[in-house]
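Here is how the chains run, residue by residue.
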Amino acid sequence: MATPDERPWMELDESQAHPLAPAAAPERAEPTESDALALRRRSFLTLAGISASLAACERLPVRHALPYVVAPEEITPGVATHYASTCQACPAACGLVATVRDGRPVKLEGHPEHPLSGGGLCAFGQGDLRALYDAGRLREPAIDGQAASWEDVDRRVAAGLAELGGRPLVVLSRTVTSPTLRSAIDGLLARWGGRLVELDPDAEPASAALEAAEILHGRPLLPALEIGAADLLVTFATDLLGAGPEPVVHTAQWAARRRAAARPPLRHVHVEGSLSLTGANADERWLATAAERRGIALALLRKVAAASPGAEALAAIDLPAAAPHAARVDALAKELLAARGRSLVVTATEDLAEALAVGWINRLLGNEGHTLDPERPSLVRRGLDRDLAWLRGALARGEVGALLVLGLDPLDQWPDADAIRKALARVPLTIAVTDRPTATASACQVVAAAHHPLECWSDASPRAGVLSLAQPAVRPLFATRAPLASLLAWSGAPLREDREFLAERWKREVLPAADAAAWRTAVRRGLAPEGAAVAALPAARPSDAVAAVAALRAAVATSAAARPADVLEAELIAEVALRDGSRSHVPWLRELPDPLTRAAWSACARLAPETARSLGVADGDIVRVSVGARSVEMAARVLPGQHPRVIGLPVGYGGRGSGDPVEWNATRAASLDGSGRALRRGLSARVERTDRRERLPLVQRHASSEGRPIVFQVAGADEAVHGAHVPEGRDLWPAREPTKPQWHMVLDLDACTGCSACVVACQAENNIAVVGADEIARNRGMHWLRIDRYFVGSPDEPDVLFEPMMCSQCDHAPCETVCPVAATVHSEDGLNQQVYNRCVGTRYCANNCPYKVRAFNWFDNQPSEPVARMVLNPDVTVRARGVMEKCTFCVQRIQAARIAARAAGTADLPEVQTACQQSCPARAIHFGDGASESIASRRHAPRAFQALADVGVRPSITYLARVRTRAAGAPSPHDSQGGHS
Amino acid sequence: MSASAWTPDRLGPAELWPPGEREPLVSDSLDHGEVTRALVAPVEGRPGKGWWIAFVTAVTVLVMGFSLIGWTVYKGIGTWGLNRTVGWGYDITNFVFWVGIGHAGTLISAILLLLRQQWRTSIARAAEGMTIFAVCCAGLFPLIHMGRPWLAFWMFPYPNSRGSLWVNYRSPLVWDVFAISTYLTVSLLFWYLGLVPDFATLRDRARGWRQKLYGWLSLGWDGSARTWQRYEKACLLLAGLATPLVVSVHTIVSFDFATSVIPGWHTTIFPPYFVAGAVFSGFAMVMTLVLLTRRLLHLERFITMRHFDFMAKVLITTGLMVGLAYATELFIAWYSGSRYERFTFWNRAFGPYAWAYWLMVFCNVVVPQVFWSARARRSELVLFIASIFVNIGMWFERFNIVVISLHRDYLPSSWSHYTPTLVEVGILIGSFGLFFTLFLLFVRVAPVVALHEIKHTLALQKEGAHGTH
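As the structure is a computational prediction, the values presented were derived from the model and not from experiment. Position labels on residues start from 1 in each chain and follow its written sequence. Ligands are numbered from 1 and chains lettered from A, in the order in which they are written. Given that the model is predicted, a residue must reach a pLDDT of at least 70 before its local features are reported, and side-chain atom pairs must reach 80 or more before they are shown or counted; all residues, however, enter totals for whole chains, interfaces and linings.

Digging into the confidence of the model for chain B
Parts of the model with low pLDDT should not have their predicted coordinates read in detail. Residues and elements named next belong to chain B. Confidence per residue, as judged by the predictor, is encoded in pLDDT with a range of 0 to 100. Taken over all residues, the pLDDT of chain B has a mean of 89, while the share at 70 or more is 93%. For the purposes of this entry, the term helix denotes a DSSP run of H or I that reaches at least four residues, the term strand denotes a run of E that reaches at least two, and both are numbered from the N terminus. Here helix α16 (residues 451–468) is the element of chain B with the lowest mean pLDDT, 73, and helix α12 (residues 354–366) is the one with the highest, 96. By the criterion used throughout, residues are in contact when their C-beta atoms, derived from the backbone, lie within 7 Å. Low pLDDT, under 50, characterises residues 1–15; the predicted model gives this stretch 19 contacts beyond four residues in sequence or across chains. Taken over the whole predicted complex, pTM reads 0.89, whereas the ipTM for its chain interfaces reads 0.92.

If you want it as structure tokens, here you go:
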């Protein structure tokens, strides 16, 4: 919204603190008795005023971030301040901007200047804001289950570490993307001796790919993907656009590439067993089990190698038995060879042979350095299975001297909880650094209650050459401590404050000039300046082609035994809402329906229609899935597009012993597998029906568009949509002289991946209440923006279409005519306004809405806990019970822009971004004056259509049809336009 | 025919009467004194056991219903089974159902008065009372279906200090407010006006506080020829005023649906279809009620099988009208070529609520066909069962219109299902409690058959008898 020279982001720096801020005030200013006796009226009032203001800030002396009690000049109460920072919800470390109102962050948005994520922020990252205000957060540290002071904690840890006696200190963390945190961990380990074990519970299998990278490129780091440079993208079971390693970055690249008009359209072929968001968005989707995927990869490698000089050894590699889709493999190999240097093959697999084959294909096609970059690798996945195996072995053998768990909850996520608990009890010192009471924390001696990332200083380097800074957006709410500060305290470093340590390291190692001004600029931008020295990478060994071929040959030789016909393949998957479940206490994320199953609050076992039929299972029937001796029970959801031999089990739900207040479906699919890695593929599973049922909290129960003109796909970007004409009927309403602007939105369904970032953005921006599983099951969700999902074509291999649906602000709004009290009216600028305090709740408007986008407050839904209420956006009314609500096109942002324009004395409004638009990683949402160039050109594009145009309500939302590029000879998507399932 | 030999029990089908003679509407052995004594007995005497059982039951159900309404207001509309797609369910179904019931009274007293149908006299009073009480029940539902019923007064255009805020005259709900309140006012006036001579009779017979009460209620009625003349004129005027209302109320209620954009609602056939349906359901309810009252208050000499014969004929006629409307709807849905319309009606007949649709067709179209038989038209049992079926069928007609159209409209992604909660079912039953409580109280304070009109009918009957002999 702001222009670049407006200093859009502030830093929270002590140099900015106002002299009258409580930091400068004495701890207590209670007058003595004699003073009190001498009080006069004026001095009494003065003292009363001071004590009132001091009473409002009774916390510890503040050194860093604080809400302004006495505002500095540039802070105006009621006017938002923005802080550039870095998202730490997952290792992808996207840039973010925190909107802070009166000292509390109320919204997280993507950082538009971030070189990788570029303005988008996923649902998971945005949900992290709600975790800050979670009433169940740890509020103080504890020793042996008793609340303790930080001094006691430090004493206890120091004493424990002093008695290690040569046994190692193990730090268990998810992949550490922060170079500063890594250096603090290195410092701790250097002091006490030990080892860092990295593990990503939400990650699809990366270990094999890391090993393959080690063999092919000399170090266990994944090459960074450059989807934007590719013309042909082939992905094997990696959910790049959904819950993959860097969903925002990859979605942004993928969508930008699809929009690039000057180049041939990106063709995307996806091979998978369990339907993922990436599969749903691919142009072509092949169904294959894990073993078949290996076969396909090796077959492709043979074809590619046969056409590549000097690769005879690879062309002669053995093919496994399971290599289906032979004809398609031939055609795809030809396409790949035609796109040398412009193609990209990616896999997420546990199978080293498949990972190596894919690496070899990319190398033979000359893609390295073009569409993937081994020299500038991604740093978001560094967990190796061999490290994890070592830790589990060491724990079992009692060889660990001290265990420090940073954030993770292995006790909950690993299957053999009792054994781990016993092993932990034998470790002399166990420390959990966590912001939540987790199962692991309950089994640890010391619980170092951690700050929420929005209360911490940190930095992140998700890719070689990219470094961003994280700064606090709020003063710590509780007596917690930054994990970095805890590590520094325990390593006995001279600098013990996270901010000092970070600034010192940046000035010393990162910034070109070690002066305060450079640091301040970096803090303000949230990014390291151009040309800054960023984290050092492990040195690469020169790769040995002969050895790499030999490694592949060896890997191919190991093959899994064939599976009997009555055994299905279980695939443990992560959903975009909860991923590994580490934020499963965030109500926004629980309420967020999965874009594919459309189920919220609940894990569903995904079964192909054919499989469901043969098992006699329907939606909501509880099935028992057994892998070896372990089993879980889950409600079934029949999902077209699922491989008939594969059952998909999301891992993010439920949790053992976490006392989760929002727990609804205590399922933990992750416990199926004994390895401790969360997302496994190719598990042999027996599935049986139980006689129990469950009412699934589904937000959409009908999958077909019934041939109605609602959603379309076309075969090429210039192809027009057929069958979505706008009737040229006579208008019964008096013509209105249109004023400027007339707000209009264009949604590009070709860019939209269904990732649901916009849904959470809308929820956060507009104070949308969370209603819970039972209410969702009753179809009473409050979301203003939902992403409808339609299946087109055959139920076995359907095309999937996503369509974000929100209030269309119709010019002829049917809701407006029927409201008896004129609580919903049309504005001059084309908005359909909802006047909450006038609404009496007849629900007539919702009944008369063709899009069913209005939500009624059936109960009082807003949270009552004071902490949870801190997240509310003060710009948006909190709706009462009995009132209708709906999307307003973020009218508060439009009004803010209007006020800004008026204050500046200009007639033109500054650019307005709606919350959904801002968060969209794919930039699929365009918003502005309907007559403006950017909107008008899209509204009249060939692919443009309006949903239900034939009803004649004249919606202010235009959709652009999805483009699906089929291989030559394959059926055109025309055949199934707007089609059936 | 020998007048003295006639007793109600021996009243047979009309064709049993000799040609050229008409079956009397009321027993012509009655004299005026007997009429008065028989009809004021329930008002003046002590209530019997039957009345008490009925009254206690009705009040219990009423209290239960109002407790559930209290619960709804306290907790929110979420206590009902409604959802994001189906915003109206039992609430508006009950509303339209009760408004429809409220139709018969004014139709009988106004239109049949204008058409000089003498047979109306015996049932008019009860039907008018039923109208008032049904409209009270109907009015309850739009009130309690609101999310914030304490703000219901915002539906009225009254001068206020809220700036330019005013009601939205484009909304059919506002028209409803006017239509229903006008209808209630006129019906109440009409009913009261008819009661005035009877209140005077009661006043003349009563002593003590009852005399005072009825004296006050009878507005100084003196029984003079001038008063009677003015009374007749006023009745005629009010009948003229009320006649368009009979048509307008349900027309406007139908506009709630017809002016919307929802397939299955957006239908031009709705005004006549609703009016026919309302007459149908109103007569069915009058029949149920009068059958019961007749037995309870021993009014067999005043409300004879000939009355039921007439009512059954109205039922079969209006039943055929609604049947025609159902067929027309189906035809037009197909003929329109609109995929939404076609689907909506296919979904009514074969979708998840098909049972409700076919129940409606059975009750409203098939069941009334029994009245082709004259014997059935004069069998209390058949009449009672058929009238109950029609009541159920007409409730389901409204349910089908409200719920089945809503639950699957334009966007398949929003398709949903509606299952009522016990709270909603309890409130529906409670509205019957309210209705019967009011009706049972009514029969204790005013003659349920108009004294003066029966006497008038008796006089006409005798004149006619002398004329034919």
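Once the structure has been displayed, the description carries forward.
Focus: the packing of helix α6 (residues 172–205) of chain B against helix α7 (residues 208–217) of chain B
All names here are of chain B. Viewed as axis vectors pointing N to C, α6 and α7 meet at an angle of 155°, and their least axial separation amounts to 8 Å. Classified by the interaxial angle, the pair formed by α6 and α7 is roughly antiparallel. Of the two elements, α6 crosses α7, and the hand of that crossing is left-handed. Taking contact as the criterion, the partners of Phe199, Leu202 and Arg203 in α6 are, on α7, Gln211, Tyr214, Gly215 and Leu217. Amino acid classes used here: Ala, Val, Leu, Ile, Met, Phe, Trp, Tyr, Cys and Pro are nonpolar; Asp, Glu, Lys and Arg are charged; the rest, including Gly, are polar. Along the lines of polarity and charge, the residues of the contact of α6 with α7 split into four nonpolar, two polar and one charged. The axes used here are C-alpha line fits, helices contributing only the stretch in contact, and every angle between their N-to-C directions lies in the interval 0 to 180 degrees. Throughout, the term roughly parallel applies to angles under 35 degrees, roughly antiparallel to angles over 145, roughly perpendicular to angles from 65 to 115, and oblique to all others. With the far helix as reference, a near helix turned anticlockwise by less than a right angle produces a left-handed crossing, and one turned clockwise produces a right-handed crossing.

Comments concerning the environment of Ala92 of chain A
All names here are of chain A. Tracing the chain through its elements places Ala92 in the loop between β1 (81–86) and β2 (95–101). For Ala92 and Leu379, which are 287 residues apart along the polypeptide, the C-alpha to C-alpha distance reads 8.4 Å. In this view, Ala92 contacts Pro245, Glu246, Val248, Val249, Val380 and Pro462; residues no more than four positions away in its chain are not counted.

Topic: the sheet that holds β2 of chain A
Residues and elements named next belong to chain A. Overall, antiparallel pairing links the three strands, which are arranged β1-β2-β3 in an open sheet. Only two strands of the sheet have a single partner each, and these edge strands are β1 and β3 (104–110). Geometrically, the sheet is characterised by an average inter-axis angle of 30° between neighbouring strands, direction not taken into account. One ladder, built from six bridges, connects β2 with β3; its direction is antiparallel. One requirement defines pairing of two strands: DSSP has to find at least two bridges between them.

Focus: the sheet that holds strand β14 (residues 402–406) of chain A
Residue and element names in this part refer to chain A. Reading across from one edge, β5-β4-β16-β15-β14-β6-β7 is the order of the seven strands in this open sheet, with mixed pairing throughout. Since the sheet does not close on itself, it has two edges, and those belong to β5 (146–147) and β7 (194–198), each with one partner. By the bridge criterion, five bridges tie strand β6 (residues 169–173) to β14 in an arrangement that is parallel. Looking at the pairing, Leu169 lines up with Ala402 of β14.

Some words on the confidence of the model for chain A
Residue and element names in this part refer to chain A. Per-residue confidence for chain A gives a mean pLDDT of 85; residues scoring 70 or more make up 87%. Scored below 50 in pLDDT, residues 656–666 shows 28 contacts in the model against residues more than four places distant or in partner chains. Counting contacts from residues 974–981, a segment whose pLDDT is below 50, to residues more than four positions away or on other chains yields 29 contacts.

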